[in-house]
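Breakdown of the fold
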Amino acid sequence: MKKLYPAIPLLILVLLVGSWGVHHFAQRRLEAGIADFRASIGPDASFSYATARPRTLARGAHFTAVTYHNPAMTLIAADVRLGGLTGNNVQGEKIGSLVLRDVKVMTASNTISLDQVELGNLVLPNTARVTGDMARPLGFDSLVLDRGAFTNLHVAIPASQTDVTIGRMAVSQYGTGRSSHLDLDRLATQINLTPTRRISVEHIVVDGPDFASEVASLIQSGHLVHERHPQTMDLKKVEIDSTHPMLQIDHVTTSRFSTETEDKMDTKLDHLTLWATGTDNPSILNAFGYDHFSGNLHANSTSDRSAGRVHLEPLTIESPDMGNLTMVAELDQIPFDDMAIIPETARIVSAAMTWDDLSLANHVVAGLAKSRNMDVDTYRQNLLAALATSDDASMRAMGRFLQSPQDHPLQIALRPMKPVNLMMLGVALSMAGDPSVAAPLGLTISTP
């Protein structure tokens with residue numbers, strides 16, 4: 001045992017020299033890696049930091065006070081830690097773990113800040129070395145990421161006076177061809193125009209979409225790709241308010257299954273509440289004497305993208321205060337690549353609905369009487385008399401319904417000779433008593 005004692009100092013010396021050698025090697029590798037990165041980002045981009053220390057076996061690094069800048073954006077982080085660095089420009093640069101603290105990203109149109117970003121198994125896109133004055137693209141459409149967590153995200157968009165905050169966001173399996181997962185807590189959006197609008201969602205879970213392919217499609221064509229991955233979405237506590245509450249939904253669930261040309265969707269809204277907009281901007285709820293709508297909605301639909309058609313079967317709305325609606329319908333001219341213009345282009349090919357009334361009919365009659373400055377009872381009697389003596393069977397059926405709404409479910413069918421524009425339907429129905437309007441609409445009303 002005593003013979004080992006003289007060897008201990010030598011062993012310590014070997015360890016110290018070896019440690020210094022490994023550290024020196026790691027430092028040289030880190031400096032070479034930084035130089036290569038600076039060369040790859042192009043002459044109009046810059047990368048700076050306060051300190052840089054290599055991690056074990058030169059497979060990682062720890063930076064402080066990092067700034068990356070190119071003509072499109074500036075990224076600042078108080079602390080950056082990289083680990084598990086492998087790969088190359090040909091195979092793809094792989095980062096086992098990347099953690100950034102106190103992050104700020106600034107562009108010409110918005111500012112993004114985060115307390116922390118944690119990324120696991122990140123593969124950077126294979127991009128050629130930049131030449132001339134071209135900045136290295138971000139390549140969000142071609143990144144691969146096994147998991148990512150983002151804490152206290154804030155986005156400020158001055159042009160639209162919009163602020164978005166997210167308490168926590170986690171994404172997994174991001175990459176072209178992958179079915180991704182998104183889990184998000186405490187989303188809040190505030191639009192600081194007059195009047196101010198606030199939108200909040202307590203919790204969002206999205207399963208199935210190929211987010212990377214959707215990003216690529218947006219970049220390349222400006223439209224979302226129609227993918228075949230089965231998808232589900234779950235939202236809890238959705239709220240929109242302004243100077244007064246506007247909308248609240250306790251729970252939203254939706255599932256979608258797609259083929260090359262067809263989408264099947266199932267959507268549920270539980271405990272949906274819509275408030276009237278107030279006396280300064282009256283809504284249809286105000287006109288019929290309600291201050292809010294409360295109920296549940298369930299919709300099943302099949303969309304044929306190749307034909308631009310949607311088949312709704314059924315849509316059900318249950319309102320304990322107003323009544324219950326069941327409807328099937330077929331619509332065409334649906335712009336699947338630009339859903340914002342649906343009201344302008346969509347047409348009703350056919351529709352059928354059943355209404356079980358609880359209070360809506362009496363409220364509608366009272367609202368019509370008020371709009372004509374007439375006593376409600378007098379207006380009702382005149383209306384019932386006119387409907388009872390009508391030559392049109394549909395108008396007589398309407399009279400029976402209004403005479404005793406809760407005893408006679410109302411059935412309405414619409415089979416127009418030519419599809420009717422969605423925005424014109426309300427005007428057409430308001431003139432349903434005119435045979436010259438009702439006949440082309442294929443409108444029939446009955447009470448079983």
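About the cut-offs
For every chain, the first residue of its written sequence is number 1, and the numbers climb from 1 along that sequence. Residues qualify for local features only when their pLDDT is at least 70, as the model is predicted, and side-chain atom pairs are given and counted only at 80 or more; totals for whole chains, interfaces and linings, by contrast, use all residues. Side-chain numbers come from the whole structure's heavy atoms, not from hydrogens or water. Following DSSP output, two strands are said to pair if at least two bridges run between them. A helix here means a DSSP run of H or I that spans at least four residues, while a strand means a run of E at least two residues long, and both kinds are numbered starting from the N terminus. Simply put, an axis is a line fit to the C-alpha atoms, just over the touching stretch for a helix, and the angle between two N-to-C directions goes from 0 to 180 degrees. Each crossing is labelled by how the near helix is turned from the far one, with a counterclockwise turn of less than a right angle marking it left-handed and a clockwise turn marking it right-handed. Residue contacts are defined here by distance: any two heavy atoms, one from each residue, within 4.5 Å place the two residues in contact. Just so you know the grouping, Ala, Val, Leu, Ile, Met, Phe, Trp, Tyr, Cys and Pro go in nonpolar, Asp, Glu, Lys and Arg go in charged, and all remaining residues, Gly too, go in polar. Residue exposure (1.4 Å probe, protein chains only): buried if accessible area is under 20% of the type maximum, exposed if over 50%, otherwise partly exposed.

You'll find the chain entered in an unreviewed UniProt entry as DUF945 domain-containing protein, with Komagataeibacter oboediens given as the organism.

1. Brief notes about the pairing of strand β7 (residues 144-157)
Sheet faces and side chains relate simply in a regular strand, where the side chains alternate between the two faces. Bridge count between strand β6 (residues 111-123) and β7: 10 bridges; the pairing is antiparallel. Along β7, the bridge assignment pairs Val 123 with Val 144. Bridge analysis of β7 against strand β8 (residues 162-174) gives 11 bridges, and the strand direction is antiparallel. Note that in β8 the partner of Val 155 across the bridge is Val 164. Joining the antiparallel neighbours β7 and β8 is a turn of four residues, in which Gln 161 adopts a positive phi near 50°.

2. Topic: the packing of helix α6 (residues 376-388) against helix α7 (residues 393-403)
Running from N to C, α6 and α7 point in directions that differ by 145°, and their axes come no closer than 7 Å. Both α6 and α7 take part in a crossing whose hand is left-handed. Across from Arg 380, Leu 383, Leu 384, Leu 387 and Ala 388 in α6, the residues of α7 making contact are Met 395, Arg 396, Met 398, Gly 399, Leu 402 and Gln 403. A per-class count over the contact of α6 with α7 returns seven nonpolar, two polar and two charged.

3. Some points on the pairing of strand β18 (residues 410-414)
Most of β18 is tucked away: four of the five residues are buried. For strand β17 (residues 347-357) and β18, the ladder comprises five bridges, and the chain directions are antiparallel. Of the residues in β18, the one forming a bridge with Ala 352 is Ala 413. Here four bridges tie β18 to strand β20 (residues 443-446), and the two strands are oriented antiparallel to one another. Counterpart to Leu 414 in the pairing with β20 is Leu 443.

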